[in-house]
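# Chain and residue survey
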Amino acid sequence: MTTDATGTGVTEEAVAGLHATADPRLRELLAGLIGHLHDFVRETRLTQEEWEKAIAFLTATGQKCTDTRQEFILLSDVLGLSMLVETINGDRVQGATESTVLGPFHMTESPVRELGDDIDLEGGSEPCVVSGRVLSADGTPLPGAVLDVWQADDQGFYDVQQPDVQPAGNGRGLFTADTEGRFWFRTCVPAPYPIPTDGPVGDLLRATGRHPYRPAHIHFIVSAEGHTPVTTHIFVAGSDYLDSDAVFAVKQSLVQDFAVTDDPALAAEFGIPNPFRHARFDLVLEPNA
């Protein structure tokens, strides 16, 4: 093995060792990763002790993952990597709904629900309706579009965080838009919440003096035949932390008003007490190329 004071020979040999990789894209990705990692070590003069701590941190991150918690996604989120991947892959036609991060809590299957169902299985919170349409970029309704929805409750917790408190499937639903692309469901207004801080990601945030909070939001994955699915959020206008989201996921176009609505007829139509909070917005998908 060739060696030199800066270790460039090691880098060259490591990249050359990929020559037999059959998949050209895999070879490109690994060569880039090796090059950037080796440059990082050289630029920062990484010590052996620091490298061992990094290995221990990544090991602990993997050990913290469970069927209902993905610590590596959380790590990607707080480093801005998740949002960067979304951004560089998220070029959409004018007017299409912007994408944002998946987040670490899409770890359980959403129960199939009927339009108008209440996903707030705990009850007792301020009544709220979320409604709108799923449209193609040209404004054409998309009947039968599928909306996978999940959210925290009005105290800022997901069902998987409180399995002994919340019913399974609370705050989750899999809805199918009607023949005019319309959707509507009942829920609670979600609260801002801290991402989990009892693992390695929490240690990282504390070490860097960052807060762990996310603004209030509802997650959506929306899909329809002949269109590119979108993974997105709807953020509650006026929520705390809109300007300092711990995972850098806020886009202004995704901030929506959950307005107090005093309309007895509309409340009766939705089967909800009056007055109530109402968020109305359209979700616009881009046709496949």
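Residues numbered from 1 in each chain as written. Predicted model: local features only at pLDDT ≥ 70, side-chain atom pairs only at ≥ 80, totals over all residues. Heavy atoms only, no water.

### Examining the overall build of the protein chain
- For the protein chain, the count of helices and strands is seven helices and twelve strands.
- The principal-axis extents of the C-alpha atoms in the protein chain amount to approximately 80 × 45 × 30 Å.
- Counting across all 289 residues of the protein chain, residues that qualify as buried make up 42%.
- The contacts of the protein chain with a sequence gap of at least 6 include a subset with a gap of at least 24, amounting to 70%.
- For the protein chain, the exposed area adds up to about 15100 Å²; of that, 55% sits on carbon and sulfur atoms.
- Charged side chains of the protein chain number 19 positive and 43 negative; the gap between the two group centres comes to 3 Å. (Helix = DSSP H or I, 4+ residues; strand = E, 2+ residues; numbered from the N terminus. Buried < 20%, exposed > 50% of the residue type's maximum accessible area, 1.4 Å probe, protein only. Contact = heavy atoms within 4.5 Å. Areas by Shrake-Rupley, 256 points an atom, 1.4 Å probe, with all protein chains shown as cover. Lys, Arg positive; Asp, Glu negative; His and termini not counted. Charge placed at Lys NZ, Arg CZ, Asp CG, Glu CD.)

### Looking at the pairing of strand E2 (residues 146–151)
- Taking burial as the measure, the six residues of E2 include five buried ones, the bulk of the element.
- Taken together, the five bridges between E2 and strand E3 (residues 172–176) define a ladder with antiparallel strand orientation. The residue bridging Val146 from the neighbouring strand is Thr176, located in E3.
- For E2 and strand E7 (residues 217–223), the ladder comprises six bridges, and the chain directions are antiparallel. Among the inter-strand pairings, Gln151 is bridged to a residue of E7, identified as Ile218. (Pairing = 2+ DSSP bridges.)

### Describing unusual backbone geometry
- Residues Asn274 and Pro275 are joined by a peptide bond in cis, for which omega reads -5°.
- Considering the arrangement of structural elements, one finds Pro275 in the loop between helix H7 (264–270) and strand E12 (276–287).
- Positive phi, normally seen in glycine, also occurs at Tyr241, with a value near 75°.
- Looking at the element boundaries, Tyr241 is found in the loop between strand E9 (230–236) and strand E10 (255–256).
- Owing to a relative accessible area of 27%, Tyr241 belongs among the partly exposed residues under this scheme.
- At Phe248, a residue that is not glycine, the phi angle is positive and equals roughly 60°.
- For Phe248, the location among the structural elements is in the loop between E9 and E10.

### As for the packing of helix H3 (residues 48–64) against helix H4 (residues 71–78)
- In the contact formed by H3 and H4, the axes pass within 7 Å of each other and the chain directions differ by 125°. As the angle between them shows, H3 and H4 are arranged oblique. Counted together, Phe57, Leu58, Thr61, Gly62 and Lys64 of H3 and Glu71, Phe72 and Leu75 of H4 form the full contact between these two elements.
- Residue composition of the contact of H3 with H4, by class: four nonpolar, two polar and two charged. (Axes fitted to C-alpha atoms, helices over the stretch in contact; angles between N-to-C directions. Parallel < 35°, antiparallel > 145°, perpendicular 65-115°, else oblique. Nonpolar A, V, L, I, M, F, W, Y, C, P; charged D, E, K, R; others polar.)

### Some points on the sheet that holds E3
- Pairing is mixed in the open sheet, where five strands are placed in the order E3-E2-E7-E9-E10. One side of each edge strand has no neighbouring strand; the edge strands of this open sheet are E3 and E10.
- In this sheet, E9 lies alongside E7 in antiparallel orientation, the contact comprising six bridges. Bridge pairing in E9 links Phe220 to Thr232.

### Here's the deal with the packing of aromatic side chains
- Going through the model one piece at a time under the given rule, you end up with nine aromatic pairs.
- Taken together, a centroid distance of 6.0 Å and an interplanar angle of 55° make the contact between Phe183 and Phe281 tilted. Of this pair, Phe183 sits in strand E4 (residues 182–187) while Phe281 sits in strand E12, and the two are 98 residues apart along the sequence. By the burial criterion, Phe183 is buried, and Phe281 matches it.
- By way of ring pairs, the aromatic residues Phe175, Phe183, Phe185, Phe220 and Phe281 are connected into one cluster. (Phe/Tyr/Trp six-rings, centres within 6.5 Å; stacked < 30°, edge-to-face > 60°.)

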